[in-house]
Amino acid sequence: AGPDPLITQVQEWATGTGDGVDATPYGLPIRFEKDVVRRNVEWLTADTISSINFTPIHALDGTITPQGCAFERHHSGAIELRKEDYRLMINGLVDTPLVFTYEDLERFPRENRIYFCECAANTGMEWAGAQLNGAQFTHGMIHNMEYSGVPLRTLLEEAGVKPEGKWVYVEGADASSNGRSIPLEKAMDDVLVAFKANGEALRKEHGYPVRLVVPGWEGNMWVKWLRRVEVLEGPVESREETSKYTDTLADGTSRKWTWVMDAKSVITSPSPQAPITHGPGPLVITGLAWSGRGAITGVDVSIDGGKNWRPARLAAPGTDKALTRFYLDFEWDGSEMLLQSRAKDSTGYVQPTKAQLREVRGENSIYHNNCIQTWWVKATGEAENVEVS
Amino acid sequence: EKFGLGRPALPEEIAAWDLDVSPDGTGLPAGSGSVEDGEMLFSDHCAICHGDFAEGVDNWPKLAGGQGTLADKDPLKTVGSYWPYLSTVWDYVHRSMPFGNAQTLTADDTYAIVAYILYSNDLVEDDFVLSNENFLEVEMPNADGFIIDDREEAEAHFWTDTPCMENCKESVEITMRAAVLDVTPTETRAKKVQELIRKTKPEPREDAAVEEVKAEQAAVSEEAAAPAEETAALDPELVKAGEKVFKKCKACHQVGEGAKNKTGPLLNGIVGAAAGQAEKYKYSKVMKAAAEEGLVWSEEELAAFLAKPKAYMKGTKMSFAGLKSEEDIQAVIAYLKSFPQ
């Protein structure tokens, strides 16, 4: 091949000038990246107002999810609520029921914490078999952000929890109200009342101005537009914790209060939306791992469908209830692969296979599918979602 | 340590927000409602999504039936077959329904609607009246169908700490492929293929982009020109912009060949048509009344309706908040005009 004209010829961008400052006072990604967006699976739900979309995890790297492409889940649509109109009430079994304004919340001592938020239904469409071709769709109901906020404990202590109080019921200001019951022990542990994510105000679709952060527990409990925390003796058993977000087993009985998200991982590249385009040679295999029970301590990768495993390299040591990025720096010989990843967490839990999960839970659980995912990478570099024996 | 921030909540404020109802009936207000009244209310407020008999419309939840199916391949989870507590139904209907018009039902309305849902599940007779007095007497069929999270015991074998690393199984076969029934959204599939083609054929990108745009324009003008003559005058750019805006409407409305009534009526020929004319569609009372008074969906009327449906017609079933931009409104009207029949 001859010399590259991109090098030998003076290019337009090396002659003229680019945009001045303030061309975009709040910037969006450059237009060449316009494919990196949230996507919806239309057949899943009746209406986008009460639906979910998916983070483009196949196209991201590192661990922090930009707010603009972090998945959304609404039950009655994303509402606009001004800080000036925001009120948070603490009531129920407390010494003094209180009302806080947004400004009040900013005057309490604050914490910064990085946590993942995963919808309990992530990978839910894959229970009965491989269905969707893309890590975005099979595993994209997840995001990972740095939250700034006040511990819920601080607010509860300000109101004074009575000894008979054993649960809190949290609800949002939107029309769905989306209330959930949380044991007091968790509420007093690591739950945050957050108003910033990744350094800036929460986005409307993530509950601006204030949402709840319930580390390691299913996303449905991370109530957005948080308006009320009620201290109770027992759980409310709301619609979102009985008719939904309960896991039906093969015999027809259902597990309830399955709040913790188990250890899980997925290879984000290569994957169906991120095929290998460069042919044999050096290949970066990468993905994400997380556990609601603690920190990720290791990830193993298999290229032969789980027959043999090798440890992947963690980009940084795993941290509590947050995403961990892993890499396998690999010399690809151009042959087919059945790619899998398997996460281990600080409690000694090892991510199970789909067969192991089905053995305990059957195929009707909908929620909490944390099985090992398989991508069939073909000699062409294209990848497909498959199940293996 | 107290910070002295916030202020005491007033009793009226707590009463306004503290509405949740617990399984033991805590939080239930005094009141009652009959199956008979519930049937009327359900028909007006709920049937559009849940069906006249709570059987569900499209992807909206079915509220009745399914008893005895929980161990089946595809269990049908309804109030009758699945929900363990009646309080949950009352609480949810009262605070979160009807969809797009939440927190408008009175306590008595709520008792009546819940009574009708029980009736549609064959759990009470047609002369039943539900009240705060007899609320706890209703038996929910699946009340004992739940166990508390037992993963740490039932799945104790997942805590292995030292998983197998070598020769973990004899053979590996592909047993199922997503490509077989591929239900992945087509947009990304198409894009992936386009990308692959682009990468294998490194042609000058500027030209390719121009050709793409030209091809798209041609396609649009063909589409727009094909139907009746009156639509030939439509601006294809505006129609195309309107098609994008219509995505917001698509959840409830269909338009074009084979369009049917969904949550909202089909919209073929809507511009310039008399209101309330879609066959077999159940319009709201106010829409029926407006139709009787001769409302015609001229572009002006339609524009006003689309800007703020609920302000334009109080009581309309259309739960859409409205199109904020005048450009979007004009675009979507142009798009709708491109389907004259």
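Here the structure is a predicted model, which is why all the values come from computation and not from measurement.

### Focus on the overall build of chain B
No. 1: Each helix and strand in chain B was counted, giving 14 helices and five strands.
No. 2: A total of 341 residues make up chain B; the buried ones form 39% of that total.
No. 3: In chain B, of all internal contacts separated by at least 6 residues, the share reaching a separation of at least 24 is 55%.
No. 4: Roughly 19700 Å² of accessible area belongs to chain B as shown, and the carbon and sulfur atoms make up 52% of that amount.

### Considering the interface of chain B and chain A
No. 1: At the interface, 84 residues of chain B touch 110 residues of chain A.
No. 2: Approximately 8200 Å² of surface area, both sides summed, lies buried where chain B meets chain A, with 54% of it carried by carbon and sulfur atoms.
No. 3: Our count for the contact surface shared by chain B and chain A stands at nine salt bridges.
No. 4: Along the contact surface separating chain B from chain A lie 51 residue pairs in polar contact (both at pLDDT 80 or more).
No. 5: Within the residue set of the side of chain B that touches chain A, elements represented by two or more residues are strand E1 (7-8), helix H1 (11-17), helix H4 (86-96), strand E4 (146-148), helix H6 (151-154), strand E5 (174-177), helix H7 (178-181) and helix H8 (186-200) of chain B.
No. 6: If one sorts the elements of the side of chain B that touches chain A by residue count, H8(B) sits on top with seven residues.
No. 7: Here the side of chain B that touches chain A is built from residues that sort into 41 nonpolar, 14 polar and 29 charged.
No. 8: One ladder, built from three bridges, connects strand E23 (residues 383-388) of chain A with E5(B); its direction is antiparallel.

### Some details on the sheet that holds E5(B)
No. 1: In space, the six strands of this open sheet follow the order E18(A)-E17(A)-E21(A)-E22(A)-E23(A)-E5(B), with antiparallel pairing throughout. Of all strands in the sheet, those with a lone pairing partner are strand E18 (310-311) of chain A together with E5 of chain B, marking the two edges.
No. 2: Where strand E17 (residues 296-302) of chain A and strand E21 (residues 337-345) of chain A come together, six bridges link them in antiparallel fashion. If you follow Asp300(A) over to E21(A), its bridge partner there is Arg342(A).

### What about helix H4 (residues 152-159) of chain A?
Residue and element names in this part refer to chain A.
No. 1: The buried fraction of H4 is high, at six of eight residues.
No. 2: Those residues of H4 lying buried are Leu 152, Thr 154, Leu 155, Leu 156, Glu 158 and Ala 159.
No. 3: Phi turns positive one or two residues past the end of H4, at Gly 160, with a value near 80°.

### Regarding the state of the cysteines
All names here are of chain A.
No. 1: Inspection of the entire model under this criterion finds one disulfide over all chains.
No. 2: The cysteine Cys 117 is free of any disulfide, with Cys 119 supplying the nearest cysteine sulfur at 8.1 Å.
No. 3: A relative accessible area of 5% places Cys 119 in the buried class.

### A word on a nonpolar patch on the surface
No. 1: Residues Leu6(A), Ile7(A) and Trp13(A) make up a contiguous nonpolar surface patch of about 420 Å² in total accessible area.
No. 2: Along the chain, Leu6(A) falls in helix H1 (residues 5-8).

### Concerning unusual backbone geometry
Residues and elements named next belong to chain A.
No. 1: In the segment running from Tyr 208 into Pro 209, the intervening peptide bond is cis, with an omega of 5°.
No. 2: Along the chain, Pro 209 falls in the loop between strand E10 (200-201) and strand E11 (211-213).
No. 3: Even without being glycine, Glu 237 reaches a positive phi, approximately 55°.
No. 4: Among the residues examined, Glu 237 registers a relative accessible area of 3% and is labelled buried.
No. 5: Although it is not a glycine, Lys 321 adopts a positive phi angle of roughly 55°.
No. 6: By relative accessible area, Lys 321 is classed as buried at 11%.

### Quick notes on the sheet that holds strand E14 (residues 254-256) of chain A
No. 1: Here we have three strands laid out as an open sheet, ordered E13(A)-E14(A)-E4(B), and mixed in their pairing. Sheet topology places strand E13 (247-248) of chain A together with E4 of chain B at the edges, where each strand pairs with a single neighbour.
No. 2: Taken together, the two bridges between E13(A) and E14(A) define a ladder with antiparallel strand orientation. Paired with Asp247(A) across the two strands is Arg255(A), which belongs to E14(A).

### Some points on the pattern of salt bridges
No. 1: One pass over the structure, following the stated rule, counts 41 salt bridges over all chains.
No. 2: Where Glu237(A) meets Lys256(A), a salt bridge forms, and the shortest distance between an N and an O atom there is 2.8 Å. Here Glu237(A) is found in the loop between strand E12 (226-232) and helix H6 (239-242), whereas its partner Lys256(A) is found in strand E14, with 19 residues between them in sequence. Comparing Glu237(A) with Lys256(A), the two get one shared label, buried.
No. 3: Asp52(B) is the salt-bridge partner of Lys282(B), the closest N and O atoms lying 3.2 Å from each other. One end of the pair, Lys282(B), is in the loop between helix H10 (236-245) and helix H11 (285-292); the other, Asp52(B), is in the loop between helix H3 (47-50) and H4, with 230 residues separating them in the sequence.
No. 4: Through salt bridges with shared partners, a single ionic network connects Arg255(A), Asp262(A), Arg293(A), Arg361(A), Asp149(B), Asp150(B), Arg151(B), Glu152(B) and Glu155(B).

### Digging into the domain arrangement of chain A
Residue and element names in this part refer to chain A.
No. 1: Domain boundaries in chain A define domain 1 (83-255) and domain 2 (264-386).
No. 2: Each of domain 1 and domain 2 has a C-alpha centre, and the two are 28 Å apart.
No. 3: Contacts between the two partners involve 38 residues from domain 1 and, on the opposite side, 33 residues from domain 2.
No. 4: Between domain 1 and domain 2, a total of about 3000 Å² is buried, with carbon and sulfur atoms accounting for 55% of that surface.
No. 5: On the surface where domain 1 and domain 2 come into contact, there are two salt bridges.
No. 6: Close ionic contact of Asp 190 with Lys 321 constitutes a salt bridge, the shortest N to O distance being 3.3 Å.
No. 7: The tally of links from domain 1 across to domain 2 stands at 21 residue pairs in polar contact (both at pLDDT 80 or more).
No. 8: At the level of secondary structure, the elements contributing two or more residues to the side of domain 1 that touches domain 2 comprise strand E5 (111-118), helix H3 (135-139), strand E6 (142-151) and E13.
No. 9: Sorting elements by how many residues they give to the side of domain 1 that touches domain 2 places H3 first, with five residues.
No. 10: Considered class by class, the residues forming the side of domain 1 that touches domain 2 number 16 nonpolar, 14 polar and eight charged.

### Points about the domain arrangement of chain B
Note on interface size: it is often stated as the accessible area lost on association of the parts.
Residue and element names in this part refer to chain B.
No. 1: Here chain B is partitioned into domain 1 (20-137) and domain 2 (218-337).
No. 2: Here the C-alpha centre of domain 2 lies 33 Å away from the C-alpha centre of domain 1.
No. 3: Linking domain 1 to domain 2 there are three residue pairs in polar contact (both at pLDDT 80 or more).
No. 4: Those elements that provide at least two residues to the side of domain 1 that touches domain 2 are helix H2 (35-45) and H3.

Basis of the calculations
- Residues numbered from 1 in each chain as written.
- Chains lettered and ligands numbered in written order.
- Predicted model: local features only at pLDDT ≥ 70, side-chain atom pairs only at ≥ 80, totals over all residues.
- Heavy atoms only, no water.
- Helix = DSSP H or I, 4+ residues; strand = E, 2+ residues; numbered from the N terminus.
- Buried < 20%, exposed > 50% of the residue type's maximum accessible area, 1.4 Å probe, protein only.
- Contact = heavy atoms within 4.5 Å.
- Areas by Shrake-Rupley, 256 points an atom, 1.4 Å probe, with all protein chains shown as cover.
- Buried area = accessible area lost by both parts, 1.4 Å probe.
- Salt bridge = Lys/Arg side-chain N within 4 Å of Asp/Glu carboxyl O.
- Polar contact = N/O pair within 3.5 Å; in protein donor to acceptor, adjacent residues only side chain to side chain.
- Nonpolar A, V, L, I, M, F, W, Y, C, P; charged D, E, K, R; others polar.
- Pairing = 2+ DSSP bridges.
- Disulfide = S-S within 2.5 Å.
- Patch = residues over 30% accessible without salt bridge, like charges linked within 9 Å, V, L, I, M, F, W, Y side chains within 5 Å.
- Domains from an automatic or database assignment.

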